[in-house]
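Notes for the structure review
In case you want the letters, here they are:
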Amino acid sequence: MHGKNLKFFMPLCDFRRLAAGIAAMSVLALAAAHATTDDGIAAGKSLAMERSKGNCLACHSIEDGELPGTIGPPLVAMKLRFPERAALKQQICDATVRNVDSRMPPFCRHGILTEDEVELIVDYLYTL
Amino acid sequence: MKNSAAMLLLSLVPMLTQQAAVAGPEDDREAFVEYFQSRFPDVAFAEFANGIYAIDEDARGQWLDIEEFPPYEFAVEQGETLWQEALPDGARLADCFGQSTGDIRPAYPRFDAGRGEVVTLAVAINDCRQTQKLPVWPYDSEELISITAYLAYAARGKPVVTQIHADEPGALAAYEEGKRFYYSKRGQLNFACSDCHVTSVGLHVRADRLSPSLGHTTHFPVYRSKLGTVISLHQRFSGCVRDVRAKPFALQSEEFRNLEYFLSYMSNGLEFNGPGARK
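This structure is a prediction, so every number in the text was calculated from the model and none was measured.

1. Concerning the interface of chain A and chain B
Taken together, the contacts link 27 residues of chain A with 20 residues of chain B. Across the interface of chain A and chain B, roughly 1900 Å² is buried in total on both sides, 52% from carbon and sulfur atoms. Summed over the three residues of chain A that lose the most area to chain B, namely Ile71, Arg103 and His110 of chain A, the buried surface amounts to 31% of that side. Between the two partners, chain A and chain B, sit nine residue pairs in polar contact (both at pLDDT 80 or more). Here the residues of the side of chain A that touches chain B are counted per class, giving 11 nonpolar, nine polar and seven charged.

Structure, rendered in structure tokens:
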């Protein structure tokens, strides 16, 4: 996957290819809202892990994540537990809808993550 | 993956808050103590003065090693020197307090009916400087913190006896404000103090294990090995408020003094054991 990324970005010095690259990237961005891509999953993973973004590891254990917190349940078997994408998205965007006293930050409502970023995180979570 | 302990916690906290809202401080305190004792049935009440070390064996072992050469000793000595120092008019800081050195720390925080507000030890020391026409110390200054370290050390073993007198309605109001602050969600991350130090007590935020709030005030000021310096209780409050990305409050602001008043009341009956040492 990383190899593919490199091939995609390397030739950008050529102007014509740059234009093509930008077009491809916006298609990619559009696609992210509808279909899952490898790049989207990778982006979702880093959004979930980064301390200044999701920082989900502060509270949840996640595959590959070091020193996880234990405040929330481990993020595993997400498709099984959240067959409905909208429900998973809502849990991340505003956990207080389901549980008013939730200790999980309302990521969209408080502007910590955008809805698009949450979509990418959901793509990633469905691989767990 | 919901475990029953977590469910129990989620259901207990609203109960605690509701009950606290209608009952007086003493009922609040009993419910607070009962909650932590039921969470940690093997921990003796007096142990809660030791913060995280009361509930974490590994951290406790490291702490006992650290205490062999107490890293706050320097602050205690510096504080004692400042305390004994003769001021320009020949007076000493001690002259303001009319109590034996070991009794000064336990007399704060207290509600001053004349001023209509909570007075903490740090404020009382600066008041004393003002009556002696000396400039006040900033609340994060080494001087002020080391004097509180000295007075904490002198009070070791004395019980916490925070008072709320029934004939001073302002005292109850200040306590209620502190309590409201403690249980209110705040900041971009939407946390109340109680979310971490009551509901999630003993759990990990990444690598940090959350200490019980019962006993939070007994051991300050505290030497932080991460910072290599001794910090005040209000600096710790300030750090936790910043961590939830909330609006900051000044050290010794009315909000923090009321919060200290509430938390000190919750710790009544424990022993003073400052200064402490933490990572």
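Text resumes after the structure shown.
2. Points about helix α6 (residues 121–131) of chain B
All names here are of chain B. For α6, a buried count of eight out of 11 residues is recorded, marking the element as mostly surrounded by other parts of the structure. For α6, the set of buried residues is Leu121, Ala122, Val123, Ala124, Ile125, Asn126, Cys128 and Arg129. Looking at the packing, one finds that the buried side of α6 touches α5 (101–104), β2 (117–119), α7 (142–154) and α11 (254–266). Directly beyond the C-terminal end of α6, a positive phi value near 60° is found at Lys133.

3. Description of the sheet that holds strand β5 (residues 222–224) of chain B
All names here are of chain B. Judged by pairing direction, the sheet is mixed, and its three strands sit side by side in the order β6-β5-β7 without closing on themselves. With partners counted over all chains shown, the strands left at the sheet margins are β6 (229–231) and β7 (276–278), one partner each. Each strand of the sheet is rotated relative to its neighbour by a mean of 35°, with strand direction disregarded.

What counts and how
- Each chain has its residues counted from 1, running along the sequence as written.
- As a convention, the first chain written is A and the first ligand written is 1, with the rest following in written order.
- A pLDDT threshold of at least 70 governs which residues receive local features in this predicted model, and a stricter bar of 80 or more applies before side-chain atom pairs are shown or counted, although totals over entire chains, interfaces and linings include all residues.
- With hydrogens and water excluded, all non-hydrogen atoms of the structure serve as input to the side-chain values.
- By the convention used here, residues are in contact when the closest approach between their heavy atoms is within 4.5 Å.
- Here the quantity called buried area is the total loss of accessible area, with a 1.4 Å probe, experienced by two parts when brought into contact, counted for both.
- Polar contact is defined as a pair of N or O atoms within 3.5 Å, subject to the rule that within protein one atom must be able to donate a hydrogen and the other to accept it, and that residues adjacent in sequence are counted only when both atoms are side-chain atoms.
- Gly counts as polar in this scheme, as do all residues outside two lists: the nonpolar Ala, Val, Leu, Ile, Met, Phe, Trp, Tyr, Cys and Pro, and the charged Asp, Glu, Lys and Arg.
- Think of it in three bands: with a 1.4 Å probe and only protein chains considered, a residue is buried below 20% of the maximum accessible area for its type, exposed above 50%, and partly exposed in between.
- Each helix corresponds to a stretch of at least 4 residues labelled H or I by DSSP, and each strand to a stretch of at least 2 residues labelled E; elements are numbered beginning at the N terminus.
- Pairing between strands is defined by DSSP: at least two bridges between them are needed.
- Angular values range over 0 to 180 degrees, each being the angle between N-to-C directions of two axes fitted as lines to C-alpha atoms, with helices fitted over their stretch in contact.

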